[in-house]
Structures are given as C-alpha cells and as structure tokens.
Amino acid sequence: MASKQKSKRELPVQLRKSLNPSLYQINTRVSTYDLGQTLGRPATLDDVPDAYLDRLAEQGFEWIWFLGVWQTGTASREVSRKLPNLQQEFREVLPDYTTDDVCGSCFAITAYDVHQDFGGNDALNRLRARLHNRGLKLLLDFVPNHTALDHPWIQQHPEFYVQSDEAHLQQQPQNYIRMDVGGKPTVFAYGRDPYFDGWSDTLQLNYANPALQDAMLQELKKVSDLCDGVRCDMAMLILPDVFERTWGRRPESFWPKAIAAVRSAKPEFLFMAEVYWDLEWTLQQQGFDYTYDKRLYDRLRDGLARPVREHFLADMDFQRKSARFLENHDEPRAAATFPFEKHRAAAILTFLCPGLRFFHDGQFEGRTKRVPVHLRRRPVEQPNPALQDFYDQLLPCLTEPCTRDGAWQLLNCVPAWENNWTSDCFVCFAWHSESERILAAVNYASNQSQCYVQIPFPDLAGKAILLRDLMGAETYEREGSELCSRGLYLDLPPWGYNVFRLTTSAPW
C-alpha cells in the first residue's frame, strides 16, 4: 500500500451491485503498519491511499473487507504474547519477531468501536465515504461467539457468559479460567470450537441467556451503522444444535431474528458467514447472503477433477450464495499450497463459477507466508511476476457483464475417442447473457487430456463461430453446427485452461 495521494474523484458514484460480486480482504493491522513504515509515523485509516482505493475499483471489486478494525485490549494481547505454540508460529513467519509485533487476536474484541490506533469511528466513516465515492462497499467483522478477556461485560454482566465450576476447571484447564468478578472468584469458559481446545484469549458468550442475545443484537445494529455488511466469525457455533452439543444448553435461534432486525432498517445490508461442517445451507436458510465454500477449496487442493465437478452439481440457489476462495487469513497462502500451474487452474474454477469471488491481500503478488491474526507485521517477500500477470488477465474476465450477472451452467464433457478416460479430467462452464457467451474449460489433472465439451447454444448452428481466449492469445474459427452436434474438441496440457469468448460472424 503506497502513501496517500490526492484522488480526482469528488462526486459519489452509484454503489456496485451484481449477482456475482468480487470481494477483497485487507488485513488492517498489517496494512497500516506497512503504511506507517513508509510515512515514518503511525498510520490510521485516513492514510489509506486514494490511489490504492482507485486501483481496487478499477480491478472490478464491489466489496472491500477491512479485517480487524475493532478495539482490542491488553489482557488478550498478553495471552498471545505468552502461549508457546503461538510463539513458535510467529517465529516461522517472522524469525526476528519481538513482543511489540504481537498485538493480540483481532477477534478478541473489547468494544465494537474502531481501534484508537486506526483513528476511531470518525476515521472509518471517512474511509467508508471514500469507498462509496468509488462505488465500493465496506465489509467488517462481527464476532458472535466470544469476547476478549477484558470486555466490560465481564464485570458488568457476568451472566452473559458461560460459567462453570472448579471441577471443570481442574479437569479441563485448557477450556476454563478463574477470574475475579466483584471480589468473587468465578469460573468462565473460554470461547471454543467443540472440536478443539478453547481460545484462551476469549470468553464464551451464553446464547441460552435471552438477555445476552438482546445485547448482541444491539451490538450488531451498532456495527451496521458503520458499514455495508458483516462477515460473521464462526457463525455456526451459535446455532441451537451446535451450542447445545458444546455447552449442554439449548438457546433460541439468533440469526433469523437478528438478520431480520438489521434489514428492517437497512434492507441491502449484507451478511456473510464463516461456516463449516456442512452447515452452509442451514445458515443460508436463516438469512445469510453468502457462506464460506470450504468444501470447494478442499476439493481443489486435493487435485481431482471429478469431486470438483460434482460439487458444481449443487442447486443454483446454494451456488449463488457461496463465497469462493483460494486463500484467506485462516487458510495457508495459495501460492504456498498450489504449485503455479495448479494454482492458475484452481483460480479459473474458483472465480469463474457463480457466487461471491473472495480474494485476499497478497494473493495476486504470490505471497507465501500466512500472517497470524495476532501479528501486526508481515515478512518482506518478493512478488511473483508470473502470478501477477495471470491475475491481471483473470480479473477483467470477472467484470464481463455475463460473468457478473448472466446465466451459468456446468457443461458435459465426453471422450474424444473410445476408451479415452481423460475426458473425466475436465471441468467446463458456460456463461451467457443476451449479447455474450463465455466458455471456461480446465483440464484439472497432472496429465494431458482430451474431450469434446458439449455446447448449450443451439442458435449457433449454421454460423461461423470465433473463439478468442481471454486468458491468452489463441483465436479459433469453428463451424457452429458441428459445435452444437459434436461439441468443441479440447486438447489441453496438465492443468491447462481456456476462457473463450464466443462470437458469431457470417453464415458458415
């Protein structure tokens, strides 16, 4: 992120809205630290360069997620600085890290007010206005499951938290903590995913208490005044079945009433859920606009075409509400997980299917080190020019009218000749609108593959069809009737791909 420059934009523009939007995630702590190093002083949200925002708008993004803007406290930060497993993780990312680099988890929140280090709520409001002037919308975090260890509610409303007894503390010290509340020792549960030990820098909120639900709804409404949408951290943890299985008490459903309450005042407000365990559809049914599609990521990482193709057989309502990604602040960097050729093929499939296209700061440059959310500094890494060139080609494909708002379908691929099994290695999509057709084809395998991909456009028959690759320099002319009857022949190298624009010329 470069230093701040004067923008030529003065008048607000209409906020972008498409069926298949793109989102860009920015680690606020890391970005402002880098900016401060350039400026020679601590940077705030006011210092985010206009030229940087201009660039994101030019790349076609609709949503910008500033991760970790909320106020955090000292107690949770001290936990982050002392845990041996975290220190080992920090050293792997930053061999020269010091305790000053450890700011504590941005999900251990003490208040839904913008951190004083970033300039407070006023600076966020100014940043949001600058985003809106470019047609961009602001996404922020909402953490429903837990708070920091030094949140004011611990003293003011200890009943808002899951409490236990000394026996649980002695049996499971990794999941419970004793704290002083008004001079009385009280055992609280750490915030927790039921499959892992507790997050010892947080305390678990008790959704079986209706008063806590009311209080969290007010927090959510407060957040909704500061942004255009929220990404809800580990949103499935407070579902009644999950909460009861974890804590032995069953709450009322929170999400349907909370989402309805916010949207009664802000109908366009967006909700995105971080969710796992095949609970994506459940949260979509409860009102979420988008849910993480971790299953697609896992299948792409495994490198087998058929499971990826089968994933795209899901109902279109589900697909439209899926957030597709190759990396984020939780997952390893894509450039470290996927070899270069496989990375490109996986990106074509991830971002040229329907849903929310979710990118992470540093992905385009090929960063390989994932920065823990407890750190404010990232290592210096050299950009990968070949990967940058690839994304420079891919992003314009996502701004095509038909890939933003057109109709999508998974295409059938058949063997190019008898007993040629490699047709099973292909995953192919078609996008179309009234005036545009795009075909994306990927050989998602480590071997050369051939197939005929069946084209679903019968009106092409009898016409000369020009296929121009938007991701390369290839151009082909084919006879439309043959495309409609036999299909388009493809012969692609390992992890090869094409993104063809189909246009018609004179009758064949």
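Predicted model, so just to flag it, every value in this text is computed and none were measured. (Residues numbered from 1 in each chain as written. Predicted model: local features only at pLDDT ≥ 70, side-chain atom pairs only at ≥ 80, totals over all residues. Heavy atoms only, no water.)

Engineer: With reference to specific residues and values, describe the sheet that holds strand β7 (residues 163-164).
Structural biologist: Two pairing modes exist for strands in a sheet, parallel and antiparallel, and in both the strands are linked by backbone hydrogen bonds. Judged by pairing direction, the sheet is antiparallel, and its 3 strands sit side by side in the order β7-β9-β8 without closing on themselves. Of all strands in the sheet, those bounded by a partner on one side alone are β7 and β8 (176-181). (Pairing = 2+ DSSP bridges. Helix = DSSP H or I, 4+ residues; strand = E, 2+ residues; numbered from the N terminus.)

Engineer: Residue-level account of the sheet that holds strand β5 (residues 137-142), with values.
Structural biologist: Ordered by their spatial adjacency, 8 strands build a closed barrel running β1-β2-β5-β11-β12-β13-β14-β15, and the pairing between neighbours is parallel. Going across the sheet, the axis of each strand differs from the next one's by a mean of 30°, ignoring polarity. Looking at chain direction, strand β12 (residues 270-273) and strand β13 (residues 290-292) are connected through 2 bridges and run parallel. Counted as the bridge partner of A273 is T291 from β13. Seen against the sheet, helix α16 (residues 340-351) touches β14 (322-325) and β15 (356-360) and runs at an angle of roughly 165° to β14. (Axes fitted to C-alpha atoms, helices over the stretch in contact; angles between N-to-C directions. Contact = heavy atoms within 4.5 Å.)

Engineer: Tell me about the pattern of salt bridges, residues and numbers included.
Structural biologist: Applying the stated rule across the entire model yields 39 salt bridges. For D54, the salt bridge is made with R134, and the minimal N-O distance between the two is 2.6 Å. Highlighted residues: D54 in helix α2 (residues 50-58) and R134 in the loop between α5 (120-132) and β5, separated in sequence by 80 residues. Here D54 matches R134 in class, with each residue buried. When the shortest N-O distance is used, the salt bridge between D330 and R231 registers 3.7 Å. With D330 in the loop between β14 and α15 (334-337) and R231 in strand β11 (residues 229-232), the pair connects residues that are 99 residues apart, well separated along the chain. One salt-bridge network, held together by shared partners, links D50, D54, R130 and R134. (Salt bridge = Lys/Arg side-chain N within 4 Å of Asp/Glu carboxyl O. Buried < 20%, exposed > 50% of the residue type's maximum accessible area, 1.4 Å probe, protein only.)

Engineer: Talk me through the packing of aromatic side chains; I want residue IDs and the actual numbers.
Structural biologist: As enumerated under the stated definition, the model contains 37 aromatic pairs in all. On the basis of an interplanar angle of 80° and a centroid distance of 6.0 Å, the ring pair of Y476 and F500 is categorised as edge-to-face. Within this pair, whereas Y476 is found in strand β22 (residues 475-479), its partner F500 is found in strand β24 (residues 497-507), the two being separated by 24 residues in sequence. Note on Y476: relative accessible area 32%, which makes it partly exposed. The exposure class of F500 is buried, given its relative accessible area of 2%. Every member of this aromatic cluster is reached through a ring pair, and the members are W70, Y112, F142, Y207, F243, F254, W255, F269, F271 and F288. The residue whose ring lies beneath R192 is W247, and the NZ or CZ to ring-centre distance is 5.6 Å. Between the NZ or CZ atom of R437 and the centre of the ring of F457, over which it lies, the distance is 5.0 Å. (Phe/Tyr/Trp six-rings, centres within 6.5 Å; stacked < 30°, edge-to-face > 60°. Lys NZ or Arg CZ within 6 Å of the ring centre and 35° of its normal.)

Engineer: Could you give an account of the nonpolar core, with specific residues and numbers?
Structural biologist: If you look at the biggest cluster of nonpolar residues, it comprises 133 residues, and the most contacted ones within it are F66, W255, M272, I348, Y391, L394 and Y444. Examining the composition of this core, we find that 7 residues originate from one element, helix α17 (residues 385-398), more than from any other. Residues contacting Y444, with those up to four places away along its chain left out, are L300, R301, G303, L304, A305, F338, K342, A345, A346, L349, C425 and W495. Formed by 20 residues, the second largest nonpolar core is a distinct cluster that contains F426, V453, I455 and L488. (Core = buried A, V, L, I, M, F, W, Y, C linked by side-chain atoms within 4.5 Å.)

Engineer: So, empty space enclosed by the protein: which residues are in play, and what are the values?
Structural biologist: Per the counting criterion, the structure on display carries 2 cavities of 30 Å³ or more. For the largest cavity, the full set of lining residues is N27, V30, S31, H329, R333, H360, D361, V371 and R378. The residue inventory of the lining of the largest cavity, partitioned by class, reads 2 nonpolar, 4 polar and 3 charged. In this structure, the second largest cavity occupies an estimated 60 Å³ of space. If you trace the second largest cavity, you find it lined by I109, Y112, V143, H146, T147, H151, W153, L205, M216 and E219. For the lining of the second largest cavity, the elements supplying multiple residues, two or more each, are β4 (109-114), β6 (146-148) and α8 (210-224). (1 Å grid on protein atoms, 1.4 Å probe; cavity = no way out; pocket = protein on both sides within 12 Å on 5 of 7 lines; lining within 4 Å. Points joined across faces, edges and corners; volume = space filled by probe spheres on them. Nonpolar A, V, L, I, M, F, W, Y, C, P; charged D, E, K, R; others polar.)

Engineer: Residues and numbers for the environment of Y476, please.
Structural biologist: It is 46 Å that separates the C-alpha atoms of Y476 and V30, two residues lying 446 residues apart in sequence. Not counting the four nearest positions on each side in its chain, Y476 is found in contact with I465, L466, L467 and F500.

Engineer: So what about α16? Which residues, and what values?
Structural biologist: If you check α16, its first and last C-alpha atoms are 16 Å apart, about what 12 residues at 1.5 Å a residue would give, namely 16 Å. Taking burial as the measure, the 12 residues of α16 include 9 buried ones, the bulk of the element. (Expected span 1.5 Å × (residues − 1).)

Engineer: Would you mind going over the layout of surface pockets in detail, with residue names and values included?
Structural biologist: Take a probe with the size of a water molecule and roll it over the atoms, and the empty space left behind shows itself. Taken as a whole, the largest pocket holds about 930 Å³ of empty space. Lining the largest pocket are 26 residues, and of these L86, W199, D330, V373 and H374 lie nearest its centre. By residue number, the principal contributor to the lining of the largest pocket is helix α4 (residues 84-93), which donates 3 residues.

What is shown is where atoms sit, not what they do.
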